[in-house]
Amino acid sequence: MIKFEKVSKKYQDGTVAVDSIEFEIKQGEFFVIIGPSGCGKTTTLKMINRLIPLSDGTIFINRKKISDYDIHELRWSIGYVLQQIALFPHMTIEENIAIVPEMKKWEKEKIKQRINKLLDMVGLNHQKYADRKPSELSGGQQQRVGVIRALAADPEIILMDEPFSALDPISREKLQDDMLDLKKNLQKTTVFVTHDMQEALKLADRICIMKEGKVVQIGTPQELLTNPANDFVKEFVGDKSSGWSSNLQLEELLEPIGHKEDQQISQVMAPITTPIQELVDMLVEHEQVIIEKDGTPIGSINRRSVMKYLSSTLLQKGV
C-alpha cells in the first residue's frame, strides 16, 4: 500500500531528519510511528502527502511513485489530522466536514448522509451537533470532528500527527476508543504519529520505533514487548510486563470461551494487544476478561489461569 525505499530528508544546514528508511505499510493497517522528540517521525509522515519533499529515495502508494501523482489528487485521497485541528470557526460542524466532498463534487444528498453517519459513529448525534459552531463544542468533541472531517471523502489513507496529545486524559482515552471503533468499522490504512507508548500499544497493528532519523525496530505490540531489538527499544517501550517473564505470550494464559456461561460472568473485553500486566490489573475488579482480535472473541483470561501460570512458574524455579 505505502512503501518507503531508502527515503531520506536532509536540510541545507546539514541536518539529517530522516536517514535512508525502508518499510512497507499494508492496506488497512493501523501503523504507528513513535520515538523521542526530533527522531524524524513527523517528517516521515509529512513526506507521504508531499508536505515535506524527499531528499533521496522513493515513496510508493499502490505501487505508484508519489511524485507521479497530481499533488491535488494525492492530497484529496489522503485524510490528514493534526494536533491543532483548526476547524473553521465561522462554519457549522456540517460545513466543516463537507469541505473535501464538496471539492470533489459529491452530490449534496450523498454528503449529507456521509456526515450524519460519521457524526453518529463518534457519538455526536447529527441532529444535535451538525448545525453547531466549533466554539459550542469541547476540545475533545472538536477533535472528533477533525477526525471524521479527514474521513469525510472516504480516502484510502489517513495520516494522523499526534492528534490527541493536547487533550485531557479522559478526552484522550475516549478518542482512542473512538479510533478503535473506526479502525474496526472502516478499515482505513492509517499512519499515526505519537510520543505516547501506551497509546501506540493500544491502537497499533504494528509499531515503528525511530531514533535519530533511523528505524530501530518494527513489530506488533506483542513483539516489541517480548522481543525488543536492543536496550533502546526495551527502555523506550518500558517494562510493561513487570513481574512477568519477558518471554510470556498472552496465548499461554488464554482459556477457551464457553459461550453463554462466560458471557454472563463478564462483559469486560480487551484487545489481544493489551499488555499482560494491564490485563492482570483488570482481574482485580473482574472475574475474567474476554480477549478479542479484530472484534472477535478468541478466548479469556481469568484468575484461575493466572494462578495456574504463577504456580507452574514457581515450581520450575523450585520456590
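Refer to the preceding data block for the structure.
Every chain begins its residue count from 1, and numbering advances along the sequence as written. Totals for whole chains, interfaces and linings use all residues, but because this is a predicted model, local features are given only for residues with pLDDT of at least 70 and pairs of side-chain atoms are given and counted only at 80 or more. Only heavy atoms go into the side-chain values, all of them from the structure, while hydrogens and water stay out.

J.: Got a sec to walk through the overall build of the protein? Specific residues and values, please.
T.: Comment: elements are numbered from the N terminus, with helices defined as DSSP H or I runs of at least four residues and strands as E runs of at least two. Secondary structure summary: the protein contains 14 helices and 13 strands in total. Residue burial is assigned from relative accessible area. The probe radius is 1.4 Å, only protein chains are included, and a residue is buried under 20% of its type maximum, exposed over 50%, and partly exposed in between. Buried residues in the protein amount to 47% of all 319 residues. By definition in these notes, contact holds between two residues if any of their heavy atoms fall within 4.5 Å. The long-range fraction of contacts in the protein, counting pairs at least 24 apart against all pairs at least 6 apart in sequence, stands at 63%. Carbon and sulfur atoms form 48% of the exposed surface of the protein, whose accessible area is close to 16500 Å². To measure how exposed things are, a 1.4 Å probe is used in the Shrake-Rupley method; for residues, cover is taken only from the protein chains shown.

J.: Break down the packing of aromatic side chains for me, with residues and values.
T.: Here is the rule: rings of Phe, Tyr and Trp (six-membered ring for Trp) pair when centre to centre is within 6.5 Å. Planes less than 30 degrees apart are stacked, more than 60 are edge-to-face, and the remainder are tilted. Counting across every chain of the model gives five aromatic pairs. Here the aromatic rings of phenylalanine 4 and phenylalanine 23 are separated by 4.5 Å at their centres, their planes lie at 25 degrees, and the arrangement is stacked. Separated by 19 residues along the polypeptide, phenylalanine 4 in strand S1 (residues 2-10) and phenylalanine 23 in strand S2 (residues 16-25) bring together distant segments of the chain. In this structure phenylalanine 4 comes out as buried when scored by relative accessible area, which is 2%. Under the relative-accessibility criterion, phenylalanine 23 is labelled buried at 7%. An aromatic cluster of at least three residues, connected via ring pairs, comprises Phe4, Phe23 and Phe31. Should the NZ of a Lys or the CZ of an Arg lie within 6 Å of a ring centre and within 35 degrees of the ring normal, that charge is described as sitting over the ring. Cation over ring: lysine 9 sits above tyrosine 11, and NZ or CZ is 5.0 Å from the ring centre. The ring of tryptophan 106 carries lysine 110 above its face, with NZ or CZ at 4.1 Å from the centroid.

J.: Just give me the short version of the state of the cysteines, but keep the residues and values in it.
T.: A pair of cysteine sulfur atoms is labelled a disulfide when the two atoms are within 2.5 Å. For the coordinates displayed, the defined rule picks out zero disulfides. With no disulfide partner, cysteine 39 has as its closest neighbouring cysteine sulfur the one in cysteine 208, 8.5 Å distant.

J.: Residue-level account of the side chain of glutamine 288, with values.
T.: Relative to the helices and strands, glutamine 288 is located in strand S12 (residues 288-293). Relative accessible area serves as the criterion here: at 3%, glutamine 288 is assigned to the buried category. Polar contacts here mean pairs of N or O atoms no more than 3.5 Å apart (in protein, one a potential hydrogen donor and the other a potential acceptor; neighbouring residues in sequence count only if both atoms are side-chain atoms). Engagement of the side chain of glutamine 288 in a polar contact is seen with the side chain of serine 300, the distance being 3.5 Å.

J.: How would you summarise the packing of helix H7 (residues 139-151) against helix H8 (residues 169-186) if you had to cite specific residues and measurements?
T.: Axis geometry follows a simple rule: fit a line to the C-alpha atoms, using only the stretch in contact for helices, then measure angles between N-to-C directions, giving values from 0 to 180 degrees. Where H7 contacts H8, the axes come no closer than 10 Å and their chain directions differ by 20 degrees. As the angle between them shows, H7 and H8 are arranged roughly parallel. Pair H7 / H8 crosses with right-handed handedness. Here Gly140, Gln143, Arg144, Val147 and Leu151 of H7 lie close against H8, whose contacting residues are Ser171, Lys174, Leu175, Asp178, Met179, Leu182 and Leu186. Three residue categories are used. Nonpolar comprises Ala, Val, Leu, Ile, Met, Phe, Trp, Tyr, Cys and Pro, charged comprises Asp, Glu, Lys and Arg, and polar comprises the others, including Gly. Looking at the contact of H7 with H8 residue by residue, the classes come out as six nonpolar, three polar and three charged. Roughly parallel means an angle under 35 degrees; roughly antiparallel means over 145; roughly perpendicular covers 65 to 115; every other angle is labelled oblique. Helix crossings fall into two classes, left-handed where the near helix is turned counterclockwise from the far one by less than a right angle and right-handed where it is turned clockwise.

J.: An account of unusual backbone geometry is needed here, citing residue identities and associated values.
T.: At arginine 50, a residue that is not glycine, the phi angle is positive and equals roughly 65 degrees. Backbone geometry places glutamine 187, a non-glycine residue, at a positive phi of 50 degrees. Mapped onto the fold, glutamine 187 is located in the loop between H8 and strand S8 (189-194).

J.: Quick rundown of the pattern of salt bridges? Include the residues and the values.
T.: Only one rule defines a salt bridge in this text: a Lys or Arg side-chain nitrogen within 4 Å of an Asp or Glu carboxyl oxygen. On inspection of all chains with the given rule, the structure shows 13 salt bridges. For the salt bridge of aspartate 154 with lysine 188, the shortest nitrogen-to-oxygen distance reads 2.4 Å. With a gap of 34 residues between them, aspartate 154 in the loop between H7 and strand S7 (157-161) and lysine 188 in the loop between H8 and S8 connect regions that are remote in the sequence. Taking relative accessible area as the criterion, aspartate 154 reaches 42% and is therefore assigned partly exposed. Connected through shared salt-bridge partners, Arg114, Asp154 and Lys188 make up one network.

J.: Residues and numbers for the sheet that holds S8, please.
T.: Any two strands with at least two DSSP-identified bridges between them are counted as paired. If you walk across this open sheet you meet the six strands as S6-S7-S8-S3-S9-S10, and the pairing is mixed. Two strands lie at the open edges of the sheet, namely strand S6 (78-81) and strand S10 (214-219), each paired on one side alone. Taken over all neighbouring pairs, the strand axes of this sheet differ in orientation by 15 degrees on average, direction set aside. Two elements, strand S3 (residues 30-34) and strand S9 (residues 206-211), share four bridges in a ladder whose sense is parallel. Its bridge partner being in S9, valine 32 is matched across the sheet by isoleucine 207.

J.: Can you break down the pairing of S10 residue by residue, with the values?
T.: Pairing analysis gives five bridges linking S9 to S10, with the strands arranged antiparallel. If you follow methionine 210 over to S10, its bridge partner there is valine 215.

J.: Describe H7, naming the residues involved and giving the relevant values.
T.: Take the number of residues in a helix, subtract one, and multiply by 1.5 Å to get its expected span. Given a rise of 1.5 Å per residue, 13 residues ought to cover 18 Å, and the 19 Å separating the end C-alpha atoms of H7 matches this to within 8%. Where burial is concerned, most of H7 is hidden: eleven out of the 13 residues are buried. Listed in full, the buried residues belonging to H7 are Gly140, Gln141, Gln143, Arg144, Val145, Gly146, Val147, Ile148, Arg149, Ala150 and Leu151. Buried residues along H7 sit against S6, helix H3 (93-97), helix H5 (108-121), helix H6 (126-129), S7 and H8.

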